[in-house]
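# Examination of the molecular architecture
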Amino acid sequence: QVQVVESGGGSVQAGGSLMLSCAVSGSIFKINTMGWYRQAPGKKREMVALITRGGDPYYADSVKGRFTISGDNTNYTVYLAMDNLTPEDTAVYYCNADYLLSIRSAPLYAWGQGTLVTVSS
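We now turn to the structure provided with this report. Predicted, not measured: the structure shown is a model, and the values here were computed from it.

## Topic: the overall build of the chain
Across its full length, the chain carries zero helices and eleven strands. Expected size for 121 residues packed as a compact globule is a radius of gyration near 14 Å; at 14 Å, the chain falls within 12% of this value. Principal axes of the C-alpha set define a box for the chain whose edges measure 50 × 25 × 20 Å. Looking at the chain as a whole, 40% of its 121 residues qualify as buried. In the chain, the proportion of contacts linking residues at least 24 apart, taken out of those at least 6 apart, comes to 54%. Accessible area for the chain stands at about 6,500 Å²; split by element, carbon and sulfur atoms hold 51% of it. In the chain, the 9 positive side-chain charges and the 9 negative ones have mean positions that sit 7 Å from each other.

Spelled out as structure tokens, the structure:
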């Protein structure tokens with residue numbers, strides 16, 4: 001069973017910073033990508049940032065230049081450094097892992113329980 005555990009959410013004023021952390025554990029053969037998604041009240045879940053196994057990052061346009069994703073493939077952890085936060089960043093942030101159970105398995109996806117980020121003006 002694969003588990004995804006996030007930490008680091010909280011409340012901050014606009015212009016502030018937060019760091020989210022995520023750890024993935026379980027019987028995993030390989031992780032292809034890890035990433036962060038968010039869902040604001042009344043809105044669909046959206047991709048925030050992804051990082052590939054090779055370390056290539058991808059960002060939503062809305063967070064480019066403000067958020068930085070990093071990861072450690074050796075212990076399946078991923079981080080999201082969020083700077084210059086705005087009230088529009090308020091959402092529940094979810095960590096996601098795209099992984100394989102074996103060399104022949106189809107890709108599977110695991111989600112964390114989410115961590116709330118609240119940015120006040």
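## Description of the sheet that holds strand 1 (residues 3-7)
Across the sheet, which stays open at both edges, the four strands sit in the order 1-3-8-7 with antiparallel pairing between neighbours. Of all the strands in the sheet, the pair left with one neighbour each is strand 1 and strand 7 (67-72). When strand polarity is set aside, the average angle formed by the axes of neighbouring strands in this sheet is 15 degrees. The pairing of strand 3 (residues 18-25) with strand 8 (residues 77-82) spans six bridges and is antiparallel. Residue pairing across strands places M19 opposite A81, the latter belonging to strand 8.

## Brief notes about the side chain of N96
On the secondary structure map, N96 appears in strand 9 (residues 91-100). In terms of polar contacts, N96 uses its side chain to reach the backbone carbonyl oxygen of A110, at 3.4 Å. Residues within four places of N96 in sequence aside, it is in contact with T33, M34, G35, Y37, Y109, A110 and W111.

## Considerations on the environment of T74
Note on placement: T74 falls in the loop between strand 7 and strand 8. A residue is classified by how much of its surface remains accessible, and T74, at 71% relative accessible area, is exposed. Taking the C-alpha atoms as reference, T74 lies 20 Å from Y58; in sequence the two are 16 residues apart.

## Examining unusual backbone geometry
One non-glycine residue, Y76, lies in the positive phi region at around 55 degrees. The exposure class of Y76 is buried, given its relative accessible area of 17%. Although it is not a glycine, N84 sits at a positive phi angle of roughly 50 degrees. By secondary structure assignment, the location of N84 is in the loop between strand 8 and strand 9. Classification of N84 by relative accessible area gives partly exposed; the value is 45%.

## Overview of the packing of aromatic side chains
Using the criterion set out here, one finds one aromatic pair in the structure. With centroids separated by 4.9 Å and ring planes inclined at 65 degrees, the aromatic side chains of Y37 and W111 adopt a geometry described as edge-to-face. You can see Y37 sitting in strand 4 (residues 30-39) and its partner W111 sitting in strand 10 (residues 108-111), a full 74 residues away along the chain. For W111, a relative accessible area of 37% puts it in the partly exposed group. Between the NZ or CZ atom of R45 and the centre of the ring of Y94, over which it lies, the distance is 3.7 Å. One Lys or Arg, R45, reaches over the ring of W111 and ends 4.7 Å from the middle of that ring.

The rules behind each value
- Residues numbered from 1 in each chain as written.
- Predicted model: local features only at pLDDT ≥ 70, side-chain atom pairs only at ≥ 80, totals over all residues.
- Heavy atoms only, no water.
- Helix = DSSP H or I, 4+ residues; strand = E, 2+ residues; numbered from the N terminus.
- Rg over C-alpha atoms; globule rule 2.2 N^0.38 Å.
- Buried < 20%, exposed > 50% of the residue type's maximum accessible area, 1.4 Å probe, protein only.
- Contact = heavy atoms within 4.5 Å.
- Areas by Shrake-Rupley, 256 points an atom, 1.4 Å probe, with all protein chains shown as cover.
- Lys, Arg positive; Asp, Glu negative; His and termini not counted.
- Charge placed at Lys NZ, Arg CZ, Asp CG, Glu CD.
- Pairing = 2+ DSSP bridges.
- Axes fitted to C-alpha atoms, helices over the stretch in contact; angles between N-to-C directions.
- Polar contact = N/O pair within 3.5 Å; in protein donor to acceptor, adjacent residues only side chain to side chain.
- Phe/Tyr/Trp six-rings, centres within 6.5 Å; stacked < 30°, edge-to-face > 60°.
- Lys NZ or Arg CZ within 6 Å of the ring centre and 35° of its normal.

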